[in-house]
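# Descriptive analysis of the structure
What follows is the residue order along each chain.
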Amino acid sequence: MSIIAVYNIKGGVGKTAASVNLAYLSSQQQGKTLLLDMDPQGSASFYFRIRSPKKFGAKKLLKGGKHIEENIRGTDYPGLDMLPADFSYRNIDIALDECKKSHKRLGKVLEPLHQEYDRIILDCPPNLTLLSENIFYAADCILAPVIPTTLSLLSLEQLFSFLEEIGQGRDKVLIFFSMVEKRKKMHAEMMRSMREESGVLQAVIPYSADIERMGIYRQPVVAALPGSTAATAYESLWHEIQNRLPA
Amino acid sequence: MQQPGADTWYMPDGLQVDALLSALAAEFGLDIAPEYAATVVYTDTFDWRLYQQGYLLHCHGQSWTLYHGDSGEVTVQQGGPELATSCFARDFPPGQLRELLEPLLGVRCLLPLATVSLSGRQIRLLNRDEKTVARIVVETQQPAGKGPAFRLVRLFGIRGYDHEQARVRRLLEHNAVHETASPLIGFEEGCRTMGRRPLDYSSKFVLELDGAGTARQTMARIYLALLDNITRNIPGVLADWDSEFLHDLRVAIRRTRSGLSLVKKVLPEAVVNRFSREFGRLGTLTGPTRDLDVYLLNREEYLNRLPPALRPGLDGFFVELGRRRLVEQKKLVRALRSKKSRAVLAAWQRVLRSRDRQPAPLAAIPATELGRKIILKRCKRVLRDGQALDAATPDAVVHRLRIQCKKLRYALEFFSALYPRQEMQILLRQLKKLQDILGSFNDLSVQQEMLRLTLRELRAGSRRNLELAAALGGLMQSLYREQQELRTHFTEAFDQFSDPETTALFHELFRKKQEAA
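Residues numbered from 1 in each chain as written. Chains lettered and ligands numbered in written order. Predicted model: local features only at pLDDT ≥ 70, side-chain atom pairs only at ≥ 80, totals over all residues. Heavy atoms only, no water.

Take the overall build of chain B next. Of regular secondary structure, chain B possesses 17 helices and nine strands. Here the C-alpha coordinates of chain B stretch approximately 85 × 75 × 50 Å along the principal axes. Put simply, chain B has 517 residues, and 47% of those count as buried. The long-range fraction of contacts in chain B, counting pairs at least 24 apart against all pairs at least 6 apart in sequence, stands at 71%. When the accessible area of chain B is evaluated, it comes to approximately 26,500 Å², of which 51% is carbon and sulfur surface. Placing the 76 positive and 60 negative side-chain charges of chain B at their respective mean positions leaves the two points 10 Å apart. (Helix = DSSP H or I, 4+ residues; strand = E, 2+ residues; numbered from the N terminus. Buried < 20%, exposed > 50% of the residue type's maximum accessible area, 1.4 Å probe, protein only. Contact = heavy atoms within 4.5 Å. Areas by Shrake-Rupley, 256 points an atom, 1.4 Å probe, with all protein chains shown as cover. Lys, Arg positive; Asp, Glu negative; His and termini not counted. Charge placed at Lys NZ, Arg CZ, Asp CG, Glu CD.)

Opposite the 13 residues of chain B that make contact, chain A presents 17 residues. At the boundary of chain B with chain A, total buried surface from both sides reaches about 1,200 Å², with 32% on carbon and sulfur atoms. Across the pair A:Asp76 and B:Lys131 runs a salt bridge whose closest N-O atoms are separated by 3.0 Å. Counting across the interface, chain B meets chain A through 12 residue pairs in polar contact (both at pLDDT 80 or more). Residues of the side of chain B that touches chain A, tallied by class, amount to three nonpolar, three polar and seven charged. (Buried area = accessible area lost by both parts, 1.4 Å probe. Salt bridge = Lys/Arg side-chain N within 4 Å of Asp/Glu carboxyl O. Polar contact = N/O pair within 3.5 Å; in protein donor to acceptor, adjacent residues only side chain to side chain. Nonpolar A, V, L, I, M, F, W, Y, C, P; charged D, E, K, R; others polar.)

So, about the pattern of salt bridges. According to the stated counting rule, one finds 37 salt bridges over all chains in the structure shown. The residue A:Lys32 makes a salt bridge to A:Glu116 at a minimum N-O spacing of 2.8 Å. Here the residue A:Lys32 occupies a position in the loop between α1 (15-29) and β2 (33-37), and A:Glu116 occupies one in the loop between α6 (105-110) and β5 (119-123), the gap between them amounting to 84 residues. Note on A:Lys32: relative accessible area 23%, which makes it partly exposed. One salt-bridge network, held together by shared partners, links A:Lys32, A:Asp81, A:Glu116 and B:Arg159.

Residues and elements named next belong to chain B. Running from N to C, helix α6 (residues 215-239) and helix α11 (residues 339-353) point in directions that differ by 155°, and their axes come no closer than 9 Å. With respect to each other, α6 and α11 are oriented roughly antiparallel. The element α6 and its partner α11 pack so that their crossing is left-handed. Across the interface between the two elements, Arg 216, Ala 220, Tyr 223, Leu 224, Leu 227, Ile 230, Thr 231 and Ile 234 from α6 touch Leu 345, Trp 348, Gln 349, Val 351, Leu 352 and Arg 353 from α11. The residue inventory of the contact of α6 with α11, partitioned by class, reads 10 nonpolar, two polar and two charged. (Axes fitted to C-alpha atoms, helices over the stretch in contact; angles between N-to-C directions. Parallel < 35°, antiparallel > 145°, perpendicular 65-115°, else oblique. Left-handed = near helix turned anticlockwise from the far one by under 90°.)

Function cannot be inferred from these measures alone, as they are strictly geometric.
Following this line, the structure appears as structure tokens:
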């Protein structure tokens, strides 16, 4: 059992697309998987056509136990369940702040789920808050999609210094390049300069219309268009992550 | 909250699939997968090793599917051998299926059990977001033969969509889909036409006994159960599917012989004498093939006992054993098929089922009394003979104690249903530990003797025989050392068996209860 958090401070870097596709691959290859949509926008939930349950929200999430169990939904794919997001997650830091041991609360409520699931994947909102701190404590691996641009690299530095601040090592972090455009010279140069650094994965997710259109066909691209360039890219990314994860 | 499992119903005769689908379409979007159809052969070992673990395995040509019987969840789907009459785990190509099957099947082979034609369609039921909220499978299962086809409707719920599932159930109910069915009905009926029923055979001796029965009635039931075991294993021995048929056959014969020698004066003396002789003969004629089976099954273990340089010396040895086994197996088949053998088994059944003209002296005593006496007597013998056991006891004496233990074991197993279950299990467990060590010791002794005889008959002079002799020497050394090592555990094993708690339990259960009399 391991927990992977897909995270970046910056938005629009392909976090949700990665979460959805990797969760699908995990359920196919490694056994029962739970995808937790932590982003109040609920994009991952939208991709799986799952609406937020009526009586569910940030407070219920942090209570844990049956409040979580009752609100888990099966996706269209056997072996892959998800806990949909709720709009109230936008205020989750306030709710967290009221909890005891507020920076470890999320890890605590996820504990009972280790029994049922072989893997939990967290799709995280783009910011640096108390919730992020919770996520970093709970996760075995922080998977950070990065567009090879200067600003993205800056956000990575911010992530690393935050991790240092809360006493977590940067070795938990795995980085992969996302939304890469072949014809952009800067992308190629940025990637070349970083490829050799530890924690940087070799698999690359290209900028792809097939991924963008996921919002239209509302399925993981790996399930809808197996064999497409995008699907193959996610598969090799997943394969590489697999080899890096603690057993 | 548990994942909702599948529910299965019979499709009413008057209901057409299309009618059911249009009823569902009134409330849900439907996504109908193309129709599937395949004739599959369900397979398992003779003693249901897969079914016992909740697995079902079927093949369709060379494509094999292993899945869980309850949930219907597929575990592995993979290519494999064509199943003509039987096949072993080792016949599968390396891969996940073989890895799963090897420990489950062990030395047993897979046999075809039931042939069933499956055809049907899977339908996803969708809500307004076109999200799947439940799955329906409409399937026809037609067992081979003249039997009827079974039309089934199965519902697979999806976690978190309980309301939708309830609506589906209501719709099914409205369409008269309410008679529940086993999702494995085709498999079960297919087995029935082949004369089988899941879990209808186990090599363990388990028998429900009537505590109020007489000694004669009870012994007849025990012998008939053993006879059933014998006759059911014979086809497998004749066809030589796997080595366990012969092994189980021999165990049933040995148990019968043990019964005849342990339990006197319950059947008429003439009957006991005659069938002791006859089952003795059956035991003897099944011996040589089994001995060779054991060596052949041990091949890997033998090779591992030798340094690599000596291993090739055994190649010819195993080829020769294989050749001898073919000869012995042929003899065995002839002997089992003979009129004489068949007549003996038929006569034994007649005797057990009919009334004795002159009942034996103890025929009418209560079965519990009979069991008590015999078990206590056997137990005393083991305790007495076991006292003398130590690291220096000669092989022959160890062998005798092993036989005593075996007799006690059989006696406990015969009558176990007549006494408290938990206590009997404790006694059997204690005894089994002692038996295991004595059994291993004896096996090592017998194997060394066999190797010694092989060595004696080996002619000097050829290079090949020289290498074989070296390998045999190496093996004997390894077996001898292991045997000596076991000796050092004798006292400890017997002390465990004869500890005050176990002996007290024996006495408590089987001592004559004078106060009650």
